[in-house]
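# Structural characterization, general
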Amino acid sequence: MDITRKASAGTVQSSDLMVFVEPASTLEVDIESTVKQQFEGLIRERVMANLARLGVSHGRLRISDRGALDYAIDARIETALRRAAVKMETSEVVP
Amino acid sequence: MESELKLRRSLLYVPGNMPSMLQNVSIFDADAVQLDLEDAVPLAEKDAARILVRKFLDGYTKRRQEVFVRINGLDTSYAEDDLREILPARPDGIRLPKADTPEVVEHLDTLLTEFEESHNVPLGHFKIIPSIETAYAVLHVFDVARASDRIVALAFGAEDYTASMEIQRTKGGEELFTARNHVLWAAKASGVQAIDSIFADVDDVEGLRRETELVKKLGFIGKSLVNPRQIEIVHDIFRPQQDEIDYALEVMEAISRARELGTGVISLRGRMVDAPVVKRAARMLKTAVSMGLVAEDAVDLSDEMIHGVL
Amino acid sequence: MVKNSLGRDIPETWCGRALEPYEDPFSRLPDLDRAPRRLKRHNPGDKKLLGSLREAIEAVGLKDGMTIATHHHLRNGDALLNQVVSEIDAMGIRDIGIASSSIHPVHAALIPFIKKGTITRFECGVNGLIAELVSKGQLKCPITVRSHGGRARSLVDGEVRVDVAFIAAPCCDPLGNMNGTEGPSACGSLGYAFTDAEYAHAVVAVTDNLVPYPAMPTSIPQHLVDFVVQVETLGDPSKIVSTTTRITRDPAGLQIARYAADVIDAAGLIKDGFSFQTGAGGTSLAVADNIKQKMAEKGVKGSFGCGGITGYFVEMLEQGFFRSLLDVQCFDLAAVASIGRNTAHQEISANLYANPFNRGAVVNQLDCVILGATEVDVDFNVNVNTESTGYLLHNTGGHCDTAAGAKLSVIVAPALRGRLPIVRERVTTVTTPGDTIDVIVTERGIAVNPRRPGLAEQLRAARLPVVDIHALHAEVCGITGTPRDVEFEDEIVALIEYRDGTIIDTVRRVAR
């Protein structure tokens, strides 16, 4: 439900991403990516779908992406949020 | 029975926390991959790696090879979390490190059975490859081999074994000779495959070649690998020779005639062709077919032909 | 605006030049004589050696509006073009065109001179920042990208008039005999400069290694050279050639290389007399390594290796896998050393190498060429000029020349790089037409041009993973997602000229 503390996940390798999360009163998602020009829209969609799936409605997320595929984005967001002690609402797979 | 004939010449380790390697899995020609949550992953990233592997496997639906996951040792606090996370993604099996005792394997077997029962997975779906990698394990390997029906192969782990012996691993491998034979005896006596250890020096092609030739001679049917560049070399060494193929084809032809006549035993070139000879020939031909050395339709390698009436 | 045969919009004219749209790779015929060059008389005792670049520029009479050229054998170590332009600028000459054989990132030093109007156009492909800024509209300077063969052709048929060629000569005598094999700036073959020496209206040899007459061996002879200038340095030797060129260690690259070698084998080309070209990239070298093993197994001796030459090809020559090397450009130190040592390692001009309008280019004798790609599309068109950002960043090199010439042209490229799909519905820019590409080899399967059904059969028979290009495209997009198309303005910043002088594509300014 809530991001209760700062956390991060991922690495700076190519095809990976870093996800930084921290508590905030609104939901903010900031995306930096080596393929921002081509994929910012898809990355944002994916991030939002993950947040919805995990029932996160507020917090600040910063993504620093190096061309990760969707599965890696899913994994790193989930890892960061679990580390931030989010209580999981569901475990359904993102479509 | 089926798994005894399964090709497992190359079991490639892929680090569990590296997307750049994981997403190449589908292009590797290895007979199996072992997605690694253990040694390749630092303690602080255990959670991240298991989630990454899970998400990767969820999407890797058209699998090109067998997929094993090397979980952390059952004596650690990570192993059960590993299983909880990755079993829903249906790997073919688990590579179990530090399989020192039958009890460790039985414990894993129980966990797998519980998961299968509660998740509607066919019982026995998840296979186990125990790692024999300590002096203690070598002494108990026969009991380990018989600890679960899920075991399809025993994998020797020379790096940890030499550490447990407080000796250096050498490229000649003299120090490993007896331990390798123990693993082989246990595997053969239990009807499972034997997989040799990794060869860590990726740039030493000749060293890998020599070691693979040695272990093939001893009776191993495959090796664990640390780099995809090693696949082709290992496959090349396990490539059947033409005279072996010719003889195996004769064996299959003889047994096919025998099956028609309704008898299980027949002689070829004055030697008796019985079940072990047929199995050996079939394994050889499966390898040959997979490498394009024998046409797929040139020989009947159905279980029925190999084992007789099922 | 008209559409060429690949459906690309081509304007009728651009920067005052009437354009002919690309039609097909082989039918356009030249209907003119070779470009003329004025005769000159050289009497006993006439001197060519001048004291400085400035004296040379004055002596050849360079004026506003003219065009100069250099060669790119010194690659990113080249200091000559920057020196020449800086001198031209200091002399107050403006509106100069550059028709060098290629422009490298080191030439970003020209940017201030482009901004003040000293340089106003490039009659050649440009690698690096200048092209990027032109793509962004931040630098006004029209670019016409030409292949190596196309550039040679444009000098030979007079499409481009080079008024003065400044030829960097690593070893040169006072009369202008020169070679590229000796001296601190040794670069090996001077292949790209040959055409300039014959067709430029004035030729200035510039050297940092003046030797007594006659310089031996002679690559470019004195009777083509007007003046000789000695300078302190031609460039940074460490950037002229690579010390080593290495086989890739990337698993995808190695898989691609294995497939590519199997393709060539399955096509039945690995037999005595085999001729082969590949680049210096890690994957290309891995293909060469696999080919070498196959040649060794079969006991095959090839006729020639071609193109940019690496130490790898030198090894194959010296071990007897090829009878000869035809070398338009040396990529590494081993190649430079070999061209001075091995008589069967022959320097060839860009004209001989790849010009479609002569009595026979070497590329037409190639059995097989291995080429890279930034993008490929479902029509087998290949882009090596622009990046996924839409920016023009790379020159064509010999890409479209060798693809047209070789019996079997093979593209080796990963199906995706990181998240970027390499197999596209439609390439951003066409460098090389799909009509001249036979096979695209990726780590996820091998696509065979439908024009070659027999080849597809041969590959299937060899159990190679032949895939339909559309299926491959769908698979790749399934993995990466479909990238957002780059948005372009209408303004054309560069032409991509095909080797025969027709326009195969244009590059438009990227929208902000």
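Residues numbered from 1 in each chain as written. Chains lettered and ligands numbered in written order. Predicted model: local features only at pLDDT ≥ 70, side-chain atom pairs only at ≥ 80, totals over all residues. Heavy atoms only, no water.

With that out of the way, let us pick up the overall build of chain C. Per the secondary structure count, chain C includes 15 helices and 30 strands. Computed over the C-alpha atoms, the radius of gyration of chain C is 22 Å, within 12% of the 24 Å expected from 2.2 N^0.38 for a compact globule of 512 residues. The buried share of chain C, taken over its 512 residues, is 62%. The contacts in chain C between residues at least 6 apart in sequence include a share of 71% that link residues at least 24 apart. Distance from the positive charge centre (51 side chains) to the negative charge centre (60 side chains) of chain C: 1 Å. (Helix = DSSP H or I, 4+ residues; strand = E, 2+ residues; numbered from the N terminus. Rg over C-alpha atoms; globule rule 2.2 N^0.38 Å. Buried < 20%, exposed > 50% of the residue type's maximum accessible area, 1.4 Å probe, protein only. Contact = heavy atoms within 4.5 Å. Lys, Arg positive; Asp, Glu negative; His and termini not counted. Charge placed at Lys NZ, Arg CZ, Asp CG, Glu CD.)

A few words on the overall build of chain A. Helix and strand counts for chain A come out as 2 helices and 4 strands. Starting at the N terminus and ending at the C terminus, chain A contains elements arranged as β-β-β-α-β-α. For chain A, buried positions account for 51% of its 95 residues. The contacts in chain A between residues at least 6 apart in sequence include a share of 76% that link residues at least 24 apart. As displayed, chain A offers around 4300 Å² of accessible surface, 52% of which is attributable to carbon and sulfur atoms. (Areas by Shrake-Rupley, 256 points an atom, 1.4 Å probe, with all protein chains shown as cover.)

Bringing the packing of helix α5 (residues 148-156) of chain C against helix α6 (residues 191-199) of chain C into the picture now. The relative placement of two packed helices is expressed as an angle between their axes plus a distance between the axes. All names here are of chain C. In contact at an axis separation of 10 Å, α5 and α6 are set at 5° when each is read in the N-to-C sense. Here α6 runs roughly parallel to α5, going by the angle between their axes. In this structure, α5 contributes His 148, Arg 151, Ala 152, Leu 155 and Val 156 to the contact, and α6 contributes Tyr 192, Thr 195, Asp 196 and Tyr 199. Of the residues in the contact of α5 with α6, the class split is 5 nonpolar, 2 polar and 2 charged. (Axes fitted to C-alpha atoms, helices over the stretch in contact; angles between N-to-C directions. Parallel < 35°, antiparallel > 145°, perpendicular 65-115°, else oblique. Nonpolar A, V, L, I, M, F, W, Y, C, P; charged D, E, K, R; others polar.)

Here the focus is the packing of helix α10 (residues 311-318) of chain C against helix α11 (residues 333-341) of chain C. Residues and elements named next belong to chain C. Close contact between α10 and α11 brings their axes to 8 Å; oriented N to C, the two are set at 40°. In terms of orientation, α10 lies oblique with respect to α11. Both α10 and α11 take part in a crossing whose hand is left-handed. Contacts between α10 and α11 pair Gly 311, Val 314 and Glu 318 from the former with Ala 334, Ala 335, Ser 338 and Arg 341 from the latter. When its residues are assigned to classes, the contact of α10 with α11 shows 3 nonpolar, 2 polar and 2 charged. (Left-handed = near helix turned anticlockwise from the far one by under 90°.)

Looking now at α6(C). Each full turn of the α-helix corresponds to 3.6 residues, which orients residues three or four apart in the same direction. Counting buried residues in α6(C) gives 8 out of 9 residues, a clear majority hidden from the surface. For α6(C), every residue scored as buried is listed here: Gly191(C), Tyr192(C), Ala193(C), Phe194(C), Thr195(C), Asp196(C), Ala197(C) and Tyr199(C).

Residues and elements named next belong to chain C. Using the criterion set out here, one finds 0 disulfides over all chains in the structure. With no disulfide of its own, Cys 306 lies 12 Å from the sulfur of Cys 368, the closest cysteine sulfur. Classification of Cys 368 by relative accessible area gives buried; the value is 0%. (Disulfide = S-S within 2.5 Å.)

All names here are of chain B. Overall, parallel pairing links the 8 strands, which are arranged β1-β2-β3-β4-β5-β6-β7-β8 in a closed barrel. Across the sheet, the mean angle from the axis of one strand to that of its neighbour is 25°, orientation sign disregarded. Both strand β5 (residues 127-132) and strand β6 (residues 153-156) contribute to a ladder of 2 bridges, which runs parallel. Paired with Ser 131 across the two strands is Ala 155, which belongs to β6. (Pairing = 2+ DSSP bridges.)

Let's shift gears to the sheet that holds strand β2 (residues 17-22) of chain A. Strands in a sheet are paired, the pairing made by backbone hydrogen bonds, and the direction either parallel or antiparallel. Residues and elements named next belong to chain A. If you walk across this open sheet you meet the 4 strands as β1-β2-β4-β3, and the pairing is mixed. Two strands lie at the open edges of the sheet, namely β1 (7-10) and β3 (27-33), each paired on one side alone. Strand-to-strand twist of the sheet, defined as the mean angle between neighbouring strand axes without regard to direction, takes the value 10°. Both β3 and strand β4 (residues 59-65) contribute to a ladder of 7 bridges, which runs parallel. In the sheet register, Asp 30 faces β4, and the bridge partner there is Arg 62. Relative to the sheet, helix α1 (residues 36-53) contacts β3 and β4, its axis offset from that of β3 by approximately 145°.

As a further point, take the packing of aromatic side chains. The geometry of an aromatic ring pair comes down to the distance between the two centres and the angle between the two planes. One pass over the full model with this rule turns up 8 aromatic pairs over all chains. Ring centres of Phe156(B) and Tyr161(B) lie 5.6 Å apart, and the angle between their planes is 55°; on these two criteria the pair is classed as tilted. Relative accessible area serves as the criterion here: at 1%, Phe156(B) is assigned to the buried category. A relative accessible area of 8% means that Tyr161(B) is categorised as buried. The residue whose ring lies beneath Arg62(A) is Phe20(A), and the NZ or CZ to ring-centre distance is 4.3 Å. (Phe/Tyr/Trp six-rings, centres within 6.5 Å; stacked < 30°, edge-to-face > 60°. Lys NZ or Arg CZ within 6 Å of the ring centre and 35° of its normal.)

A few words on the interface of chain C and chain B. One frequent convention defines the size of an interface as the accessible area lost when the parts assemble. Listed as interface residues are 10 residues of chain C and, on the opposing side, 15 residues of chain B. Approximately 1000 Å² of surface area, both sides summed, lies buried where chain C meets chain B, with 41% of it carried by carbon and sulfur atoms. On the chain C side of the interface with chain B, the three residues burying the most area are Arg249(C), Pro251(C) and Arg463(C), jointly 44% of the side's total. Here chain C and chain B share 2 salt bridges between them. A salt bridge links Arg258(C) to Glu232(B), with the nearest nitrogen and oxygen atoms 3.3 Å apart. Residues that form the side of chain C that touches chain B fall into these classes: 4 nonpolar, 1 polar and 5 charged. (Buried area = accessible area lost by both parts, 1.4 Å probe. Salt bridge = Lys/Arg side-chain N within 4 Å of Asp/Glu carboxyl O.)

Residue and element names in this part refer to chain B. Its location among the elements puts Arg 70 in strand β3 (residues 66-70). Reaching out from Arg 70, the side chain makes a polar contact with the side chain of Tyr 13 at a distance of 3.1 Å. When neighbours within four sequence positions are excluded, Arg 70 is seen to be in contact with Tyr 13, Leu 35, Asp 36, Leu 37, Glu 38, Asp 39, Arg 95 and Pro 97. (Polar contact = N/O pair within 3.5 Å; in protein donor to acceptor, adjacent residues only side chain to side chain.)

Counting from both sides, the interface comprises 15 residues of chain B and, opposite them, 16 residues of chain A. Regarding the contact of chain B and chain A, the summed buried area is about 1400 Å², with carbon and sulfur atoms giving 49% of it. Close ionic contact of Glu85(B) with Arg82(A) constitutes a salt bridge, the shortest N to O distance being 3.1 Å. Put simply, chain B and chain A have 9 residue pairs in polar contact (both at pLDDT 80 or more) between them. Only α1 (19-22) and α2 (46-59) of chain B provide two or more residues apiece to the side of chain B that touches chain A. Counting residues per element, the side of chain B that touches chain A draws most heavily on α2(B), which supplies 6 residues. The residue makeup of the side of chain B that touches chain A, split by class, is 8 nonpolar, 3 polar and 4 charged.

Here we come to unusual backbone geometry. All names here are of chain C. For the bond from Tyr 213 to Pro 214, the omega torsion is -10°, close enough to zero to count as cis. Inspection of the secondary structure puts Pro 214 in the loop between β13 (202-207) and β14 (227-230). Cis peptide bonds are those with omega within 30 degrees of zero, and the linkage from Met 216 to Pro 217 qualifies with -10°. In this structure, Arg 463 is a non-glycine residue whose phi angle is positive, near 60°. Among the secondary structure elements, Arg 463 is positioned in the loop between α14 (453-461) and β28 (466-467). We classify Arg 463 as partly exposed; its relative accessible area is 48%.

Turning next to the environment of Leu83(B). Residues and elements named next belong to chain B. Looking at the element boundaries, Leu 83 is found in helix α3 (residues 79-86). Judged by its relative accessible area of 4%, Leu 83 falls in the buried class. Along the primary structure Leu 83 and Val 69 are separated by 14 residues, whereas in three dimensions their C-alpha atoms are 9.2 Å apart.

All names here are of chain B. Going through the model one piece at a time under the given rule, you end up with 79 salt bridges over all chains. Measuring nitrogen to oxygen at the nearest pair gives 2.6 Å for the salt bridge that ties Glu 159 to Arg 169. In this pair, Glu 159 is assigned in helix α7 (residues 158-165) and Arg 169 in the loop between α7 and α8 (177-190), connecting sequence segments 10 residues apart. Look at Glu 159 and you get partly exposed, because its relative accessible area is 35%.

With that settled, consider the pairing of strand β29 (residues 488-497) of chain C. Put simply, side chains in a regular strand alternate between the two faces of the sheet. All names here are of chain C. As judged from the 3 bridges shared by strand β9 (residues 143-145) and β29, these two strands associate in the parallel manner. By the bridge assignment, Ile 143 is partnered in β29 with Ala 494. Inspection of the sheet shows β29 paired to strand β30 (residues 503-510) by 6 bridges, in the antiparallel sense. Looking across to β30, one finds that Glu 497 is bridged to Ile 503. Following β29, the chain reverses through 5 residues before pairing antiparallel with β30; Gly 501 in that reversal takes a positive phi of roughly 95°.

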